[in-house]
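Listed below are the residues making up each chain.
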Amino acid sequence: MAYHVSSTPSSLFHNRHTLSHSLSSSSRKLRPTNSDIHTFNLAFPTLHSRISLQLNHVSLQETQSPKIESPDGNSESPSKSYIWVNPSSPRASQLRKKSYDSRYASLVKVAESLNSTGLSESDVIGILKGLGDRVLEQDAVVVLNNMVNPENALLVLKYFQQRFKPKREVVLYNVTLKVFRKCKDLERAEKLFYEMLERGVKPDNVTFSTMISCARMCYLPDKAVEWFEKMPTFGCNPDDVTYSAMIDAYGRAGNVDKAFSLYDRARTEKWRIDPVTFATLIKIHGQSGNYDGCLNVYEEMKAIGVKPNMVIYNTLLDAMGRAKRPWQAKKIYREMISKGSSPNWVTYASLLRAFGRARYGDDALTVYKEMKEKGMELNVILYNTLLSMCADIGYTDQAIEIFKDMKSSETWKPDSWTFSSMITIYSCSGKVSEAERTLNEMVEAGFQPNIFILTSLIQCYGKAKRTDDVVRAFNQLVELGITPDERFCGCLLNVMTQTPKDELSKLTGCIERGNEKLGYVVRLLVEKQDSSENFKKEASELFNSVGSDVKKAYCNCLIDLCVNLDLLERACELLDLGLTLEIYTDIQSRSPTQWSLYLKGLSLGAALTALHVWINDLSRSLESGEELPPLLGINTGHGKHKYSDKGLASVFESHLKEVDAPFHEAPDKVGWFLTTKVAVTSWLESRRSPEVVAA
């Protein structure tokens with residue numbers, strides 16, 4: 001086995017890519033070329049000669065090298081010796097030490113020394129003097145390129161500029177700018193750029209790409225755009241890589257049109273786009289609400305062979321969460337796992353938010369358990385997302401466990417939103433003592449109850465028929481200087497529908513203090529006074545004065561109150577008013593084959609009232625000779641209350657049996673109660689007596 005050892009002058013590189021082209025591949029190639037003969041090309045920093053040593057099988061020979069130019073312009077024919085050298089011999093080891101690879105390693109060590117903090121200018125100069133007197137421009141590039149200390153990098157640059165006149169001084173400036181980029185120090189980079197201009201050094205494309213990438217790394221997209229737009233002034237034309245980077249910069253800077261314009265051009269001209277830029281495009285689409293655009297970019301990226309990284313996956317999962325598309329989040333997550341990517345904390349956080357917002361309770365809890373199994377800690381926002389979800393879907397036991405876990409954390413503690421969710425959960429579950437204990441715990445933690453918490457407490461006391469506590473909670477709200485809003489008054493109104501008749505007057509005063517118009521309408525019902533026309537007028541003014549988000553709740557509760565007070569006429573008037581004002585829509589439908597009543601979204605009292613009106617309409621149709629359809633149906637929906645085992649369908653089924661109505665639950669259509677023309681006609685005819693109708 002033998003080695004070919006050569007020594008050549010180190011040529012100064014003249015390419016704009018500083019270090020990558022400074023060292024030729026042949027001068028640093030140390031790998032064996034085949035199993036029999038191994039060749040090392042070792043470049044020495046000599047200026048006038050080249051020595052080649054070669055072992056070829058078992059012969060020894062000497063040859064003459066070709067003539068080369070000496071610095072004075074004369075031709076020389078220095079001798080060239082070829083000798084066989086055993087690679088394990090001491091002489092081969094000595095020759096290796098003289099190679100530029102050895103020189104490169106020593107330069108890297110010098111750079112590491114210069115990266116030390118606390119060095120004075122004299123310390124820096126002392127380290128650099130260790131390089132000797134014959135320092136090459138290539139040496140300076142290697143040292144600066146391996147530095148990460150911005151203060152010392154400026155001293156090193158100054159030292160080399162004083163030692164020799166670089167053939168391309170811009171290269172030294174570029175590698176120094178890269179030191180500032182590594183340190184995310186845009187301020188020093190800009191200062192050095194203008195110093196370069198003062199010295200008459202013209203920046204090149206590498207200069208600007210370094211400045212642009214430094215601004216991007218500093219999360220200053222506006223600065224990146226500013227440097228990009230300076231390029232034509234200095235005669236620099238951006239390459240594809242720079243253009244691609246600017247898609248990201250313009251997107252982050254808020255110039256969405258420019259970002260997408262460049263992206264369209266990138267697709268046409270087939271630029272190479274990095275995953276960071278794709279992540280920015282997905283994020284831009286997500287922020288603008290164009291969630292289909294997010295998916296389109298993702299598919300285009302895969303189509304051109306760019307492998308999604310974790311930033312891409314996490315950005316896309318976050319977008320699908322905000323879009324409330326948990327099914328697509330699940331699909332993307334499965335694809336990510338199948339490609340061998342491992343979810344990180346950000347991945348789980350995005351999934352938790354996506355499932356939590358969409359109220360995918362089981363999926364969210366699965367993610368939570370997996371995070372705990374992997375030792376990942378949730379923050380307050382994620383805990384609150386879970387607890388809020390549990391409050392909305394009635395996961396009481398799971399919420400209690402999550403709350404205990406949060407309180408045991410050494411890093412995160414419950415905040416006002418945490419306590420609010422827990423009080424809501426206990427209140428809706430009728431756990432009065434737990435709700436009160438949590439409220440006391442909240443006050444001890446330094447948080448004052450807000451209107452949401454007091455609303456939940458009032459609901460809790462109402463369920464427990466503790467009317468005096470409802471009044472006390474209302475007074476507490478007033479004492480805290482909180483003005484009752486429409487939702488709070490709606491909660492009070494809902495509590496009234498569960499309150500015994502002899503205690504309604506206690507709550508009427510509270511409602512009047514919270515909303516004068518609502519209080520007046522309630523008093524008209526409770527005291528059973530005033531004419532029908534005046535009542536409808538007052539109720540109409542009330543509905544027109546409140547927000548659209550509470551109109552149906554108010555109307556439902558007022559009808560429930562009427563039913564509880566046996567005011568069927570007033571209940572029918574309110575239902576009619578609700579239909580007139582389009583608070584209720586599409587309650588009835590008629591086709592040649594089926595007449596239907598839709599009760600989904602109505603309270604029990606409102607649903608019973610709607611049923612009463614519909615049955616009367618059927619009776620009038622029958623009396624007038626109108627032909628009934630072959631099939632009649634009542635749709636109650638198939639859901640149930642989140643904090644109750646009963647839904648409208650089960651309650652309605654009992655009521656239909658009580659009145660002996662011939663409607664029966666359809667086995668193949670959940671939430672539907674159906675009957676035939678023959679059956680309903682017979683039943684309606686049996687109800688014609690005044691006694692039955694009144695019942």
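Procedures and definitions
- Sequence order sets the numbering: in each chain, residues are counted from 1 along the sequence as written.
- With pLDDT at 70 or above as the cut-off, local features in this predicted model cover only qualifying residues; side-chain atom pairs require 80 or more to be listed or tallied, and sums for whole chains, interfaces and linings still use all residues.
- The side-chain numbers reported here are obtained from all heavy atoms of the structure, hydrogens and water having been left aside.
- A helix here means a DSSP run of H or I that spans at least four residues, while a strand means a run of E at least two residues long, and both kinds are numbered starting from the N terminus.
- Per-residue accessibility, obtained with a 1.4 Å probe over protein chains only, is compared with the maximum for each type, and a residue is labelled buried under 20%, exposed over 50%, and partly exposed between these values.
- Contacts are assigned to residue pairs that have any heavy atoms within 4.5 Å of one another.
- Under the convention used here, a 1.4 Å probe and the Shrake-Rupley method define accessible areas, while residue burial counts only the protein chains that appear.
- Any pair of N or O atoms that falls within 3.5 Å is considered a polar contact. Within protein, one atom must be able to donate a hydrogen and the other to accept it, and sequence-neighbouring residues count only if both atoms are side-chain atoms.
- Should a side-chain nitrogen of Lys or Arg be within 4 Å of a carboxyl oxygen of Asp or Glu, the pair is scored as a salt bridge.
- Whether two strands pair depends on DSSP finding at least two bridges between them.
- Only C-alpha atoms enter the line fits that serve as axes; for helices the fit covers just the stretch in contact. Angles between N-to-C directions range over 0 to 180 degrees.
- Pairing of aromatic rings covers Phe, Tyr and Trp, the last through its six-membered ring, and needs centres within 6.5 Å; plane angles under 30 degrees mean stacked, over 60 mean edge-to-face, and all others mean tilted.
- Counting as a charge over the ring demands two things of the Lys NZ or Arg CZ atom: a distance within 6 Å of the ring centre and an angle within 35 degrees of the ring normal.
- Roughly parallel means an angle under 35 degrees; roughly antiparallel means over 145; roughly perpendicular covers 65 to 115; every other angle is labelled oblique.
- Helix crossings are classified by the rotation of the near helix relative to the far one: an anticlockwise turn of less than a right angle makes the crossing left-handed, while a clockwise turn makes it right-handed.
- Under this grouping Gly is polar, as are all residues other than the nonpolar Ala, Val, Leu, Ile, Met, Phe, Trp, Tyr, Cys and Pro and the charged Asp, Glu, Lys and Arg.
- The set of buried Ala, Val, Leu, Ile, Met, Phe, Trp, Tyr and Cys residues whose side-chain atoms join them within 4.5 Å is what this entry labels a nonpolar core.
- How sure the predictor is of each residue is captured by pLDDT, a score from 0 to 100.
- Under the convention used throughout, the expected extent of a helix is 1.5 Å for every residue step, that is, one less than its residue count.
- Directions pointing from the helix axis toward each C-beta atom define the arc.

Enquirer: I'd love a proper account of the overall build of the protein, names of residues and values included.
Expert: The number of helices and strands found in the protein is 33 helices and eleven strands. For the protein, the residues scored as buried account for 48% of the 695 residues in total. Here the analysis covers contacts within the protein between residues at least 6 apart in sequence; of these, 66% occur between residues at least 24 apart. Working note: accessible area of the protein is about 34600 Å², and carbon and sulfur atoms make up 50% of it.

Enquirer: So what about the side chain of D204? Which residues, and what values?
Expert: Locating D204 in the fold gives a position in the loop between α7 (186-198) and α8 (205-217). Judged by its relative accessible area of 11%, D204 falls in the buried class. Engagement of the side chain of D204 in a polar contact is seen with the side chain of T207, the distance being 2.8 Å.

Enquirer: Can you explain the pattern of salt bridges? Please cite residues and give values.
Expert: Pairing is possible between side chains of opposite charge, provided their charged atoms come close. Considering all chains together, one arrives at 36 salt bridges under this definition. With its nearest N and O atoms 2.8 Å apart, the salt bridge here joins E335 to K302. Taken together, the positions of E335 in helix α15 (residues 326-338) and K302 in helix α13 (residues 291-303) put the pair 33 residues apart, joining distant regions of the chain. Here K302 falls in the partly exposed class, since its relative accessible area comes to 27%. Through salt bridges with shared partners, one network takes in E190, K223, E226 and K230.

Enquirer: Report on unusual backbone geometry, specifying residues and quantitative values.
Expert: With a phi angle near 55 degrees, K184 is a residue other than glycine that sits in the positive phi range. Phi is positive for D566, close to 60 degrees, though the residue is something other than glycine. Relative accessible area serves as the criterion here: at 62%, D566 is assigned to the exposed category.

Enquirer: Can you break down the environment of K463 residue by residue, with the values?
Expert: As for its placement among the helices and strands, K463 is situated in helix α22 (residues 451-463). Look at K463 and you get partly exposed, because its relative accessible area is 35%. Discounting chain neighbours no more than four positions away, the residues touching K463 are S427, C428 and Q498.

Enquirer: Describe the sheet that holds strand β11 (residues 672-676), with residues and values.
Expert: If you trace the five strands from one edge of the open sheet to the other, you get β7-β8-β9-β11-β10, paired in mixed fashion. Every other strand in the sheet has two partners, leaving β7 (588-590) and β10 (664-665) as the edge strands with one partner each. Against the sheet, helix α30 (residues 604-623) contacts β7, β8 (594-598) and β9 (631-635), and its axis sits at roughly 160 degrees relative to β8. Running over the sheet, helix α32 (residues 677-686) touches β9 and β11 and is turned about 85 degrees from β11.

Enquirer: Residues and numbers for the packing of aromatic side chains, please.
Expert: Under the definition given, this model contains 19 aromatic pairs. Residues Y263 and F278 carry aromatic rings whose centres are separated by 6.3 Å and whose planes lie at 85 degrees to one another, so their mutual orientation is edge-to-face. Of this pair, Y263 sits in helix α11 (residues 256-269) while F278 sits in helix α12 (residues 275-287), placing them 15 residues apart in sequence. Among the aromatic residues, ring-to-ring pairing joins F193, Y194, F208, W227 and F234 into one connected group. Here the guanidinium or amino end of K230 rests over the ring plane of W227, the centre of that ring lying 4.1 Å away.

Enquirer: Give a description of the pairing of β8 that names residues and reports values.
Expert: Among the five residues that make up β8, four are buried, leaving the element largely enclosed by the rest of the structure. In textbook terms, the turn of a hairpin is the stretch between consecutive antiparallel strands, and for β7 and β8 this stretch comprises three residues. The pairing of β8 with β9 spans five bridges and is parallel. Its bridge partner being in β9, S596 is matched across the sheet by G633.

Enquirer: How would you summarise the packing of helix α3 (residues 121-129) against helix α5 (residues 150-163) if you had to cite specific residues and measurements?
Expert: Helix-helix packing is described using two parameters, namely the angle between the two axes and the distance between the axes. Between α3 and α5, the least distance of the axes is 10 Å, while the angle of their chain directions is 55 degrees. By the angle between their axes, α3 is oblique relative to α5. For α3 against α5, the interelement crossing comes out right-handed. Each of E121, V124, I125, L128 and K129 in α3 lies in contact with α5, whose residues at this interface are N152, L155, V156, K158, Y159 and F160. Here the contact of α3 with α5 is built from residues that sort into seven nonpolar, one polar and three charged.

Enquirer: Can you break down the nonpolar core residue by residue, with the values?
Expert: Grouped burial of nonpolar side chains is what soluble globular proteins tend to show. Formed by 193 residues in total, the largest nonpolar core has its most connected members in F160, W614 and I634. Non-local contacts of F160, meaning those with residues more than four positions away in its chain, are made with L128, L131, V135, A140 and V143.

Enquirer: Could you give me a rundown of the confidence of the model for the protein, with the residues and numbers involved?
Expert: Predicted confidence across the protein gives a mean pLDDT of 82, with 83% of residues reaching 70 or more. Model confidence for the protein, summarised as mean pLDDT per element, is weakest for strand β2 (residues 52-53) at 34 and strongest for β8 at 95. A low-confidence stretch, residues 1-80 (pLDDT under 50), is modelled with 173 contacts involving residues beyond four sequence positions or located in other chains. Per-residue pLDDT stays below 50 along residues 691-695; that stretch engages in four contacts with residues further than four places along the chain or on separate chains.

Enquirer: Describe in detail α7, supporting the description with residues and values.
Expert: Helix length check: α7, at 13 residues, gives a terminal C-alpha distance of 19 Å against a target of 18 Å (1.5 Å per residue), a fit within 8%. Restricting attention to buried positions, one finds in α7 the residues L186, A189, E190, L192, F193 and M196. The arc that holds the buried residues of α7, viewed along the axis, is 165 degrees, so those residues lie on one side. The exposed set on the far side of α7, more than 90 degrees from its buried face, consists of E187, K191 and E198. In the core, the buried residues of α7 are packed alongside α5, α6 (169-182), α8 and α9 (221-228). With its phi angle positive at about 80 degrees, G200 sits one or two positions after the end of α7.

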